[in-house]
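Breakdown of the fold
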Amino acid sequence: MTPADDPPLYYSSHVFCCTNVRPEGHPRGSCARKNSVELRDYMKDKAKALGLKGIRINASGCLDRCELGPSMVIYPDGVWYRYTSQAEVDEILETHVKKGERVARLMMKPEDGPTKKAD
Ligand code: FES
């Protein structure tokens, strides 16, 4: 089986928003303590209001980039964002999800960390 045999994408954009919560004062922090649950709910409602088709906005468990969060990753692109406001969610929806472009200033890069563990 080769990648050419893969079925077509089920979602054109599949968005995962970490909604993990850890105890107050945990050294890594957690996205839910940085408003990710409310922002993910807002994003889901806004995507629906915009009439975006073929996409899905999911809550996820910890994506292991807690210190940088709230963390979001969009597949199949594999682009990570840190988002902290409804305005930033709007920008990600309009620019990335709708137009297929990027919101460069909100993107997390591999060098932003944390360092990946060896497999
Ligand atoms: S708690 Fe959100 S990435 Fe870990």
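The structure under discussion appears in the preceding block.
My aim in this report is to walk through the structure given alongside it, one point at a time. (Residues numbered from 1 in each chain as written. Predicted model: local features only at pLDDT ≥ 70, side-chain atom pairs only at ≥ 80, totals over all residues.)

A few points about the overall build of the protein
When its secondary structure is counted, the protein shows two helices and five strands. Walking the protein from its N terminus toward its C terminus, one meets helices and strands in the order β-α-β-β-β-α-β. In terms of overall dimensions, the protein is globule-like: its C-alpha atoms have a radius of gyration of 15 Å, near the 14 Å expected for 119 residues. Principal axes of the C-alpha set define a box for the protein whose edges measure 45 × 40 × 25 Å. Residues classed as buried in the protein amount to 24% of the 119 residues present. Put simply, 59% of the contacts in the protein that link residues at least 6 apart link residues at least 24 apart. (Helix = DSSP H or I, 4+ residues; strand = E, 2+ residues; numbered from the N terminus. Rg over C-alpha atoms; globule rule 2.2 N^0.38 Å. Buried ≥ 20, exposed ≤ 12 C-beta atoms within 10 Å, placed from the backbone. Contact = placed C-beta atoms within 7 Å.)

Overview of the nonpolar core
In terms of nonpolar packing, the biggest core is built from 18 residues, with C17, M43, M72, Y83, V89, I92 and L93 touching the most fellow members. Of all the elements in the fold, those that place two or more residues in this core are β1 (13-18), α1 (36-50), β3 (71-75), β4 (79-82) and α2 (86-98). Excluding its chain neighbours within four sequence positions, the residues that come into contact with M72 are V15, F16, C17, W80, Y81 and Y83. (Core = buried A, V, L, I, M, F, W, Y, C linked by C-beta atoms within 7 Å.)

Examining the pairing of strand β2 (residues 55-60)
Strand direction decides the pairing type here: β1 and β2, joined by six bridges, are parallel. Within β2, the position partnered with C18 by the bridge is S60. Each parallel crossover has a hand, and the one from β1 via α1 to β2 is right-handed. (Pairing = 2+ DSSP bridges. Right-handed = clockwise from strand over helix to strand, strands pointing away.)

Re the sheet that holds β4
In spatial order, the strands read β2-β1-β3-β4-β5; together these five strands make up an open sheet with mixed pairing. Two strands lie at the open edges of the sheet, namely β2 and β5 (107-108), each paired on one side alone. In this structure, β1 lies alongside β3, joined through four bridges in antiparallel fashion. Residue pairing in the sheet places C17 in a bridge with M72 of β3. Strands in contact with α1 are β1 and β2; relative to β2, the strand with the most contacts, it is inclined by about 165°. (Axes fitted to C-alpha atoms, helices over the stretch in contact; angles between N-to-C directions.)

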